[in-house]
Amino acid sequence: MGRKAICAPDQTRLRIEAMEAQRALRRNQIKQARVDRAAEEQRNISAGNPGDVDFIGLVQQWREDHAGIARPHRHAADIFTTMGSHKNDNICVCVRKRPLNDKERKKKEHDAVTVLHPTATVHSAKLRVDGIQKYLDHNSFRFDHSFDEDATTEQVYQFTAKPLVSYVCGGKGARATVFAYGQTGSGKTFTMSGIQKMVADDIFSTLSDNVLEEEGCNCDNTTVSIAIFEIYGGRIQDLLNKRNRLKVLEDGRGEVVISGLEEFEASTPNDFLALIDVGQNNRTTHATEANDESSRSHAICQVLFRDSATKKLKGKLSLVDLAGSERGSDTKSHNRQRRTESSEINTSLLALKECIRAIDGDSRHVPYRQSKLTLILKDSFTSNSARTAMIATLAPGSLSTDHTVNTLRYADRIKEKKIGDSFAPSQRSPIRQQKLPVRNELVEKVDVHEHRDEIDENINSNINYEDDSWEDEIQELTKFNDNLEQGPTEFDTIVQQIFDEEEQLLSLHMQAIQQNAEYITEENKLLESVQGEDYDMDAYALRLTEILQHKTDMIQALRGRLEPFRELLRKEEELSKKH
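Residues numbered from 1 in each chain as written. Predicted model: local features only at pLDDT ≥ 70, side-chain atom pairs only at ≥ 80, totals over all residues. Heavy atoms only, no water.

(A) Seen up close, the overall build of the protein chain. Scanning the protein chain for helices and strands turns up 17 helices and 18 strands. A fraction of 74% describes how many contacts in the protein chain between residues 6 or more apart in sequence connect residues 24 or more apart. Per element, the accessible surface of the protein chain, about 29300 Å² overall, is 49% carbon and sulfur. (Helix = DSSP H or I, 4+ residues; strand = E, 2+ residues; numbered from the N terminus. Contact = heavy atoms within 4.5 Å. Areas by Shrake-Rupley, 256 points an atom, 1.4 Å probe, with all protein chains shown as cover.)

(B) Highlighting unusual backbone geometry. Residue Pro118 follows His117 across a cis peptide bond; omega there is 10 degrees. Along the polypeptide, Pro118 turns up in the loop between β2 (113–116) and β3 (119–127). Look at Lys242: it is not a glycine, yet its phi comes out positive at around 55 degrees. With respect to the helices and strands, the residue Lys242 is situated in the loop between β8 (235–238) and β9 (244–250). You can call Lys242 exposed: its relative accessible area is 76%. At Lys311, a position not held by glycine, the phi torsion is positive, near 65 degrees. (Buried < 20%, exposed > 50% of the residue type's maximum accessible area, 1.4 Å probe, protein only.)

(C) Representation of the nonpolar core within the structure. Ranked by internal contacts, the top residues of the largest apolar core, which has 44 residues, are Leu352, Phe381 and Met390. Ranked by residues supplied to this core, first place goes to helix α9 (residues 336–360) with seven residues. With residues up to four places along the chain from it excluded, the contact list for Met390 reads Cys92, Val93, Cys94, Phe179, Tyr181, Leu352, Ile356, Tyr410 and Ile414. Listed in part, the 40 residues of the second largest apolar core include Ala180, Ile228, Cys301 and Phe305. (Core = buried A, V, L, I, M, F, W, Y, C linked by side-chain atoms within 4.5 Å.)

(D) Region of interest: the pattern of salt bridges. Under the counting rule described, the total for this entry stands at 23 salt bridges. For the salt bridge of Arg98 with Glu104, the shortest nitrogen-to-oxygen distance reads 2.8 Å. Per residue, the accessibility class of Arg98 equals that of Glu104, and both read buried. Across the salt bridge formed by Arg369 and Glu250, the nearest N and O atoms sit 2.5 Å from each other. Within this pair, whereas Arg369 is found in the loop between α9 and α10 (372–376), its partner Glu250 is found in strand β9, the two being separated by 119 residues in sequence. By relative accessible area, which is 57% here, Arg369 ends up exposed. (Salt bridge = Lys/Arg side-chain N within 4 Å of Asp/Glu carboxyl O.)

(E) Representation of helix α12 (residues 401–414) within the structure. Its 14 residues place the ends of α12 20 Å apart at the C-alpha level, agreeing with the 20 Å of an ideal helix rising 1.5 Å per residue. The buried fraction of α12 is high, at 13 of 14 residues. (Expected span 1.5 Å × (residues − 1).)

(F) Structural context of the environment of Leu322. Of note, Leu322 is situated in the loop between β15 (313–321) and α9. Under the relative-accessibility criterion, Leu322 is labelled buried at 0%. For the pair Leu322 and Lys188, spaced 134 residues apart in sequence, the C-alpha separation works out to 7.8 Å. Contacts of Leu322, omitting those with residues within four sequence positions, involve Phe179, Ala180, Tyr181, Lys188, Arg283, Ser297, His298, Leu349, Leu352 and Leu373.

Written out as structure tokens, the structure is:
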């Protein structure tokens, strides 16, 4: 009995000492983990990729696991073949990712997009409901060309627009179009501006090289002219001629004509670029929820190759910088003008997608009348010699993943022919993968409350939760994509009616002002006619009655247009509150 009494305290003391040692070890591990985490954060910041260390680690692990899927780019000539080629060779779709910018770094966003040609993958950061378990939701898409943040504009140009320059200089009436599409702030205008500079050099270089060719365009038999205009809020404005309003008309042969559009000849690359600068400076921009200065119009630069003697069109290259796309939730705080222009942008983008899909799928019906953008580009869709390149630009920030997925889905659905899948060759894009929940083993073993500050910081930064707010975001994203598939909503229809009525109302008002000015001139002459001794008061009274009646009819006609227009504005206001 005595021995047991003596040994008992020794065993208890040993267990206590062991527990204290384990506690000290855990504290040291936690301390070291915090030091390592801080060092990792500093390394990420130095590398220009701030944000949550765990998510950055998950993205990096994914990239390491899939590094082998990258493939070399196919030469552009393999995609854009000669005239009369297979229907699926008419379209080239590519994506370009830009680097993180300073604005995203200040928000502590991390790089959430991986581009490994021919794929582009978006890594959406997610947390489980417990607020601790972190995982990534991967959405992958495949395209003809995928360019990462290290790719230069020249590389993008070589595989997209450069083959089209040679194509339209063939002198056979070819039509080629290059589109730049993406969310606001994703680098559309930057990419298109660089392409325009390279196009300027290549056009005149190609014309010089073609001097010995009789059929092709060359410096001796071809003049190059440029027209630049924008489509803003349903209106068409000449950016090289004081932003004059233009009208789109169709002649008896079904050819689309932009009435009043000025063309300016360019004989050198410098002339070409000077006109581009003028047009760019006159383009409409406004602040949006997503960007402080966003292009709110579709800017179209048409390069026309005409026969020097007959002025017959021998080829046309259209460079289209599309307005930045936005979701409905990003326009909720806008005024009517911003709301209607956003609706018009999304409607025209939907129409554009359907037109490109139609020509890629060899459809008999091309719905180019659905918007002014597609109507103007009719010959790019209906001509048998039409070629199209679409460049979708991607923002890499973790707060923009939903926008980026929207952009990729839009580009993916444009082309009926799907690119081979590096992940699963038998499946159609997009591929959705989920990384299993990941816990930091050290965090699992220690008191979670010691890391609550870090968790709270993540909650307020770039994390999406599987709670009600997360479901609302998914519903908004789904609604946006459903709208792209189903067509214009009631709100979009009302907006289009507003644009149509506005154009007719303004035209009628202008006519009324002109007629009123003519009547004032006539009234002055009428007054002068009765100032002398010999005058006909009956004739004066009769003509004055006719003038007043014309004015009354004119005012009533103007009111007849004004009232329905105000009713449409009222409906738009009501629908915007439900939108």
